[in-house]
Amino acid sequence: DNITDEEALLEFNKYKKEFNRQQLNEFFVAHKDEEWMQDKYHPDNCQLKKAATKEAIEKRLEVFMELHTEGIIDQSRLEKKNSEKIEILLDTFVARLEGSDVVGLLDPEDQERESLCKTTSLQLRTIPPTLKREELLSLLTKYPGYLRLSLSYPSPETRWKRRGLVTYKRE
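Because the structure is a prediction, the values reported are computed rather than measured.

Analysis parameters
Residues numbered from 1 in each chain as written. Predicted model: local features only at pLDDT ≥ 70, side-chain atom pairs only at ≥ 80, totals over all residues. Heavy atoms only, no water. Phe/Tyr/Trp six-rings, centres within 6.5 Å; stacked < 30°, edge-to-face > 60°. Helix = DSSP H or I, 4+ residues; strand = E, 2+ residues; numbered from the N terminus. Buried < 20%, exposed > 50% of the residue type's maximum accessible area, 1.4 Å probe, protein only. Salt bridge = Lys/Arg side-chain N within 4 Å of Asp/Glu carboxyl O. Pairing = 2+ DSSP bridges. Axes fitted to C-alpha atoms, helices over the stretch in contact; angles between N-to-C directions. Contact = heavy atoms within 4.5 Å. Polar contact = N/O pair within 3.5 Å; in protein donor to acceptor, adjacent residues only side chain to side chain.

Q: Please explain the packing of aromatic side chains as it appears in this structure.
A: For any two aromatic rings, the description comes down to two numbers: the centre-to-centre distance and the angle of the planes. Applying the stated criterion across every chain, the model contains five aromatic pairs. Summarising the aromatic geometry, the rings of tyrosine 15 and phenylalanine 19 are spaced 6.1 Å apart at their centres and angled 25° between planes, so their arrangement reads as stacked. One end of the pair is tyrosine 15 and the other is phenylalanine 19, both in helix α1 (residues 5-31) and four residues apart, which spans about a single turn. Among the residues examined, phenylalanine 19 registers a relative accessible area of 37% and is labelled partly exposed. Clustering of aromatic rings is evident, with ring pairs tying together Phe12, Tyr15 and Phe19.

Quick look at the structure:
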């Protein structure tokens, strides 16, 4: 065959582009009905997820601004020697995020701090992408103190498995 290096490269790039398109299409067809795919790409679900994310961000901003307005943020420098103060600041932030009416910083000696801020989180490293959130929740909520579940989307780095973080109140 009389083909130049440039022509061969051009044809190979066309082949790669078509191969990738076919792989993507096969992946979509194989997973289009799975919950995670619907959550990530279906327009209706995307809007709901976007609204929930926006609400969570706005709540975090509201709590941050409250702490900033009260001058609490300015009192804390991010240095190793201040690690205890920073932990108290973060505990206060979490307590307020979760609806506590704590005024100022939490008292490090107060038992309320223990009950408000101490949680246990479990990392779920390998969750099949076909397992629905509701199925997982039905198992996780059987145990006392359940607070929340956060799930990742499947990714090639995890061989298309999902990861999760489940948080419980420490009791």
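Right, picking up where we left off after that structure.
Q: Where do I start with unusual backbone geometry in this structure?
A: Most of the time, phi is negative for any residue but glycine, and the peptide bond is trans. A positive phi is found at arginine 159, a non-glycine position, where the angle reads about 55°. Mapping arginine 159 onto the fold places it in the loop between β2 (146-151) and β3 (162-169). What makes arginine 159 exposed here is its relative accessible area of 73%. Located in the positive-phi region is tryptophan 160, a residue other than glycine, with phi close to 65°. Looking at where tryptophan 160 falls in the secondary structure, it is placed in the loop between β2 and β3. Exposure remark for tryptophan 160: the relative accessible area of 35% places this residue in the partly exposed category.

Q: Looking at this structure, I do not really get the pattern of salt bridges. What am I missing?
A: It is possible for side chains of opposite charge to pair when their charged atoms get near one another. Across all of its chains, the model carries nine salt bridges by this definition. Note that arginine 21 is salt-bridged to glutamate 18, the shortest N-O span being 2.7 Å. Here arginine 21 and its partner glutamate 18 are both found in helix α1, three residues apart, which amounts to about one turn of the helix. Glutamate 18 gets classed as partly exposed once you look at its relative accessible area, which sits at 33%. Counted as one network, the salt bridges with shared partners bring together Glu66, Glu70 and Arg96.

Q: I tried to follow the sheet that holds strand β1 (residues 119-127) on my own but got confused; where do I start?
A: Backbone hydrogen bonds are what pair the strands of a sheet, in a parallel or an antiparallel way. A sheet is described by the order of its strands in space; here three strands give the open sequence β1-β3-β2, paired in antiparallel fashion. The open sheet has two edge strands, β1 and β2, and neither has a second partner. Mean inter-strand twist for the sheet, computed between neighbouring axes without regard to direction, equals 15°. Sheet analysis places β1 next to β3, joined by seven bridges and oriented antiparallel. Note on β3: the bridge partner recorded for threonine 119 is lysine 169. Sheet strands touched by helix α6 (residues 133-140): β1, β2 and β3. Its angle to β2, the strand with the most contacts, is close to 150°.

Q: What is the right way to read the environment of arginine 96 from this model?
A: Topologically, arginine 96 is positioned in helix α4 (residues 83-97). For arginine 96, a relative accessible area of 5% corresponds to the buried category. Each C-alpha atom, one on arginine 96 and one on leucine 67, is 9.7 Å from the other, the two residues being 29 residues apart in sequence. Not counting residues up to four positions away in its chain, the partners in contact with arginine 96 are Lys59, Val63, Glu66, Leu67, Glu70, Ile72, Val102, Val103 and Gly104. In this structure the side chain of arginine 96 is engaged in a polar contact, spanning 3.0 Å, whose partner is the side chain of glutamate 70.

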